[in-house]
Amino acid sequence: MKIRQNFLVLLVAMTFSIISVSAQKDWETRQAQNISIKAPNDWVSSISGADKGDMVITMDLEGTECFVEVTCLKKMMNPTTRANDIAVLRSNQKHFEYMQIDKVVSQKFQKYDAKLLTYTNTYLNEVSKGGIYCFNAEGYTYTVEYFGEDNPQTRKLLEKIINTFAYTSPEKERNIVEREKDFVEKEWNLSQQTKDSLANVKAQKEEKALEKENKKALKEEKKVAKAEKEAEKVQKQIDKAKKEKEKADKKIEKEKKEAEKEQKKLEKEKKEQEKQAKKLEKEKKEREKAEKKAEKERKAKEKAAKEKEKTQKKEQSMIADYESIKKDIAKLDEKQNKLTQDFVKAQNKNDVKKTEKISSQLQSISEKKVKLTEKLQKAEAKLKKEGIKVK
């Protein structure tokens, strides 16, 4: 890869050198009918279509990708359409298979309102750029196309060449043609010896050009071979990567299936746990319900026991009151009996004072007994109401 980079640097340096030398050389005018353009005298030019009306002037520098092409269409045509048509034709030529065409924009060319279409072409990893200016003038449609390596020196030279473009009004075309004929007759009416010498020079030049072209073709073949090897290497890497990917995919698929299996197992366990949790929750609720019921029953029993205890205490109190009243009545009866005996004795003794005293006491006891009897009856009624039996 480093050797290839060094080679590209050397190739670019050689191109810059060729262009720099070209820039230092004399410039010549290439003219056909009513259009003309200038270029260094080592640029090769050709003219086609001049005898048919519409024409093309093509100029290129041997050993480089650089060229400039001027066309004159002797009719009015939409500049955007014309520029796109030329770009499409260019993209169909050899070595322009990867050409990328940009959108047409409005752009000044010299004094003319023109349309500019730019494009980029990549061939053997070398990037070149071009553009097509198109405009209408005096009933004709003109295009000026430039193309070359993507570097500052080449762009500067191409810009300098296309800016020499000029045309004369169509009505002056006949005089231009006549001047061309006069120019050829006067300047190029050479002797046979000179013609032979020029032919030899041309043959040598063509031979050198052919040799150069062969070297270039060989170089390109080597580039292609190297590119094919690199492509083969890349393909092997791609195949290897593909196999590794397939292997990884199988592993991932296996892991996925295992993960799905484990997931199903976990889901099953989860369902079992949820089922068990629901069962435990149900048992808990039933237990809590039973505990609440037991607590309720316990509280009810405690309440009943308290009520019973309260009732018993109440009954015992009522019985105790009843018995107490009976005892009090019994004591009064006993006391009454004794006083009655004493009253009889006092009468027998005719003891008036004592008799009166005992009589008063007996009267008091009778009153007390009446009250106690009423109280006893009430206590007995309460006991009867509560269902308590007493002796």
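Structure first, text after, so check above.
Conventions and cut-offs
Residues numbered from 1 in each chain as written. Predicted model: local features only at pLDDT ≥ 70, side-chain atom pairs only at ≥ 80, totals over all residues. Heavy atoms only, no water. Pairing = 2+ DSSP bridges. Helix = DSSP H or I, 4+ residues; strand = E, 2+ residues; numbered from the N terminus. Contact = heavy atoms within 4.5 Å. Axes fitted to C-alpha atoms, helices over the stretch in contact; angles between N-to-C directions. Phe/Tyr/Trp six-rings, centres within 6.5 Å; stacked < 30°, edge-to-face > 60°. Buried < 20%, exposed > 50% of the residue type's maximum accessible area, 1.4 Å probe, protein only. Core = buried A, V, L, I, M, F, W, Y, C linked by side-chain atoms within 4.5 Å.

Draft legend 1. Highlighting the sheet that holds strand E11 (residues 166-167). Within the open sheet, the three strands sit side by side as E1-E2-E11. Their pairing is antiparallel. Of all strands in the sheet, those bounded by a partner on one side alone are strand E1 (27-32) and E11. Bridge analysis of E1 against strand E2 (residues 35-40) gives six bridges, and the strand direction is antiparallel. By the bridge assignment for E2, Glu28 is matched with Ala39. Across the sheet, helix H3 (residues 152-162) touches E1 and E2, and the angle it forms with E2 is around 150°.

Draft legend 2. Structural detail: the packing of aromatic side chains. This model, assessed by the stated rule, comprises 14 aromatic pairs. Ring centres of Phe135 and Phe165 lie 6.1 Å apart, and the angle between their planes is 80°; on these two criteria the pair is classed as edge-to-face. Pair noted here: Phe135 is in strand E9 (residues 126-137) and Phe165 is in the loop between H3 and E11, with a separation of 30 residues, a long-range link. In this structure, Phe135 and Phe165 share a single accessibility class: buried.

Draft legend 3. Quick peek at the pairing of strand E5 (residues 67-73). Most of E5 sits inside the fold, with seven of its seven residues counted as buried. Here E5 shows a buried face lined by Phe67, Glu69, Thr71 and Leu73 and a second buried face lined by Val68, Val70 and Cys72. Between strand E4 (residues 55-60) and E5, which pair antiparallel and follow one another directly, the connecting turn spans six residues, one of which, Gly63, has a positive phi of 85°. Pairing analysis gives seven bridges linking E5 to strand E10 (residues 140-149), with the strands arranged antiparallel. Considered in E10, the bridge of Val70 is made with Val144.

Draft legend 4. Representation of the nonpolar core. Judged by nonpolar contacts, the single largest core of 30 residues is most densely connected at Ile35, Trp43, Val68, Phe109, Tyr142 and Phe165. Mapped by element, the contributors of at least two residues to this core are E2, E4, E5, strand E8 (112-123), E9, E10 and H3. Of all hydrophobic cores here, the second largest spans 16 residues; its members include Ala346, Ile358, Leu362 and Ala379.

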